[in-house]
Amino acid sequence: MWKFENPVQICFGQGVFAGLHKIIDKRPYCLVTYDEPYFATLSEALVSRAGKPQCIINNITPNPDFSDLSETCARFASSASQDTVIVALGGGSVIDTVKVLASCPDGFDAVRRFLETGHGEDQLASHPIIAVPTTAGTGSELTYWATVWDKTSQKKYSLARPELYPSHAVVDPELMLDLPKALTISTGLDALSHALESIWNHNSNPVSANHAVFGATEMIAALPRLTGDLQNIDLRSRVARACLFAGLAFSNTKTALAHSISYPITLKYDVPHGLACSFTLPKILDSVIGIDKDCDASLGRIFGPDLKAGVDDLSALLDTLGVSTQPAQYGIQGDEWAGMVATALGGARGQNFIGTRDRVLTSLTA
Ligand SMILES: NC(=O)c1ccc[n+]([C@@H]2O[C@H](COP(=O)([O-])OP(=O)(O)OC[C@H]3O[C@@H](n4cnc5c(N)ncnc54)[C@H](O)[C@@H]3O)[C@@H](O)[C@H]2O)c1
Ligand SMILES: [Fe+2]
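Residues numbered from 1 in each chain as written. Chains lettered and ligands numbered in written order. Predicted model: local features only at pLDDT ≥ 70, side-chain atom pairs only at ≥ 80, totals over all residues. Heavy atoms only, no water.

Asker: I would appreciate a short explanation of the overall build of the chain in the present structure.
Answerer: Counting its secondary structure elements, the chain contains 15 helices and eight strands. The C-alpha atoms of the chain give a radius of gyration of 20 Å, which matches the 21 Å a tight globule of 366 residues would have. Along the first, second and third principal axes, the C-alpha set of the chain runs to 55 × 45 × 45 Å. Each of the 366 residues in the chain was classed as buried or not, and the buried ones make up 56%. Contacts spanning at least 24 positions in sequence make up 78% of the contacts within the chain whose residues lie at least 6 apart. Surface summary for the chain: the accessible area is close to 14700 Å², and the carbon and sulfur share equals 51%. Placing the 28 positive and 38 negative side-chain charges of the chain at their respective mean positions leaves the two points 3 Å apart. (Helix = DSSP H or I, 4+ residues; strand = E, 2+ residues; numbered from the N terminus. Rg over C-alpha atoms; globule rule 2.2 N^0.38 Å. Buried < 20%, exposed > 50% of the residue type's maximum accessible area, 1.4 Å probe, protein only. Contact = heavy atoms within 4.5 Å. Areas by Shrake-Rupley, 256 points an atom, 1.4 Å probe, with all protein chains shown as cover. Lys, Arg positive; Asp, Glu negative; His and termini not counted. Charge placed at Lys NZ, Arg CZ, Asp CG, Glu CD.)

Written as structure tokens, this is what we have:
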């Protein structure tokens, strides 16, 4: 028994950003983005077509944190009305911030209470969201959850509500042309991790697996070429499309062990999400071979029938991209690493992983 569901309307292709105002369709809207010249230019272009927004929030920084969200939610609440549509123009940090804003009835406190206690969901708002991703990426434009960080207490929360599915994902690869090499690599690897993590996952189903196989295969083929030719729109489009399929896949399965391992690494060592959730992939792949025939079959469609050789190929891919597979390279000490892996296995995402504890500990910590 399985089901697959994703209600997001996807508009994909070069130049689709120019049609965003038609989706806003004269509704009151709030625009959320980064405080950077490129995004100011994009914002002006949108405002000239869609009309003046109720507010522009343009101070989003990587990894939405409790410390910033109180002020951001207060700004939003002071200008928004009940029928405000929120446009997220940016990567995962912008889209996830928007999911918090969309839930804010009158400030961050109600969202914070829900995150910390699991209570009070009925108090939350549900503004519609239009997501315009500028990285490829987190796939947050296709999921109903946001990652919210609390660096002060070293915790990561997931704000998960079906109401948080964006109504639309407007994916325009032209917006990604200036994404620098390091961010192109880390975000592309995040998407690859989403695809693979949805395969070695208890929630995997034939539709998610098919999306994941396509997403991973395309990302592996296109990402290394793109890093040597960043302005190539065809490669940008392939990577954006790969991210989209990975996003569809994990929107129905959530992630698994590599992500569970990543959260404390990002919190403690400030490692970008896309690197933290991908440097373990070869060893996790090694640990899962032979555990489940459907998983093996999907992985075989990506890496070929010899999955042990696939482990080497995946390591070589990371090496080509300049990404170390050694925990020590991210600041993690030997003793600490084994504890992190063991804890991650018991975490919410870790429990989605189909592998066994013994095999994981042998593969990742031996
Ligand atoms: N909700 C989900 O399903 C989900 C999934 C994975 C990750 N995440 C979260 O997403 C966040 C990471 O998002 P991200 O990796 O997309 O990056 P990000 O949004 O944190 O942005 C990183 C940097 O990229 C720059 N940038 C973005 N687009 C650009 C462009 N087109 N050109 C030039 N510069 C650009 C921004 O200026 C920013 O400084 C993390 O907080 C992570 O936890 C969420
Ligand atoms: Fe991720």
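Asker: Sorry, what's going on with the state of the cysteines here?
Answerer: Note: disulfide means a covalent bond formed between the sulfur atoms of two cysteine side chains. Taken as a whole and assessed by the stated rule, the structure comprises one disulfide. Paired through a disulfide, Cys 30 and Cys 55 show a sulfur-sulfur distance of 2.4 Å. Here the S-S torsion is close to -105°, and the disulfide linking Cys 30 with Cys 55 is therefore left-handed. Placement of Cys 30 in strand β2 (residues 29–32) and of Cys 55 in strand β3 (residues 55–57) is noted, with a sequence separation of 25 residues between them. Overall, the relative accessible area of 0% leaves Cys 30 in the buried class. (Disulfide = S-S within 2.5 Å.)

Asker: How do you make sense of the packing of aromatic side chains when you look at a structure like this?
Answerer: Centre distance and the angle of the planes are the two values used to describe a pair of aromatic rings. Within the structure shown, the criterion is met by 12 aromatic pairs. Members of the aromatic cluster, each reached through a chain of ring pairs, are Tyr 144, Trp 145, Tyr 165 and Phe 250. A cation over a ring is seen here: Lys 156 above Tyr 263, with NZ or CZ 4.1 Å from the ring centre. For the cation-ring pair, Arg 349 lies above Trp 145, with the distance from its terminal atom to the ring centre recorded as 5.8 Å. (Phe/Tyr/Trp six-rings, centres within 6.5 Å; stacked < 30°, edge-to-face > 60°. Lys NZ or Arg CZ within 6 Å of the ring centre and 35° of its normal.)

Asker: Help me understand the nonpolar core in this model?
Answerer: Counting 67 residues, the largest nonpolar core has Leu 196, Trp 200 and Leu 299 as the members making the most contacts within it. With nine residues, the top contributor of residues to this core is helix α8 (residues 233–253). When residues of this core are assigned to domains, at least three map to each of domain 1 (9–174) and domain 2 (180–365). If you look at the next biggest cluster of nonpolar residues, it comprises 49 residues, including Ile 23, Leu 89, Leu 115 and Val 132. (Core = buried A, V, L, I, M, F, W, Y, C linked by side-chain atoms within 4.5 Å. Domains from an automatic or database assignment.)

Asker: Can you walk me through the site of ligand 1 in this structure?
Answerer: Surrounding ligand 1, one finds 29 residues, the nearest of these being Tyr 34, Glu 36, Asn 63, Ser 93 and Thr 135. At 2.5 Å, a side-chain N or O of Ser 93 approaches an oxygen atom of ligand 1. In the environment of ligand 1, a nitrogen atom lies 3.0 Å from a nitrogen or oxygen atom belonging to the side chain of Asp 96. When ligand 1 is considered free in solution it has 880 Å² of accessible area, and contact with the protein chains removes 91% of it. (Near = heavy atom within 4 Å. Polar contact = N/O pair within 3.5 Å; in protein donor to acceptor, adjacent residues only side chain to side chain.)

Asker: Could you clarify how one ought to interpret the domain arrangement of the chain in this entry?
Answerer: Domain annotation for the chain reports domain 1 (9–174) and domain 2 (180–365). Computed over C-alpha atoms only, the centres of domain 1 and domain 2 are separated by 26 Å. Carbon and sulfur atoms supply 69% of the area that domain 1 and domain 2 bury against each other, a total of about 2200 Å² over both sides. On the domain 1 side of the interface with domain 2, the three residues burying the most area are Ala 136, Trp 145 and Trp 149, jointly 25% of the side's total. The tally of links between domain 1 and domain 2 comes to zero salt bridges. Viewed at the interface, domain 2 and domain 1 are joined by five residue pairs in polar contact (both at pLDDT 80 or more). Contributions of two or more residues to the side of domain 1 that touches domain 2 are made by β1 (9–12), β6 (145–150) and β7 (155–160). (Buried area = accessible area lost by both parts, 1.4 Å probe. Salt bridge = Lys/Arg side-chain N within 4 Å of Asp/Glu carboxyl O.)

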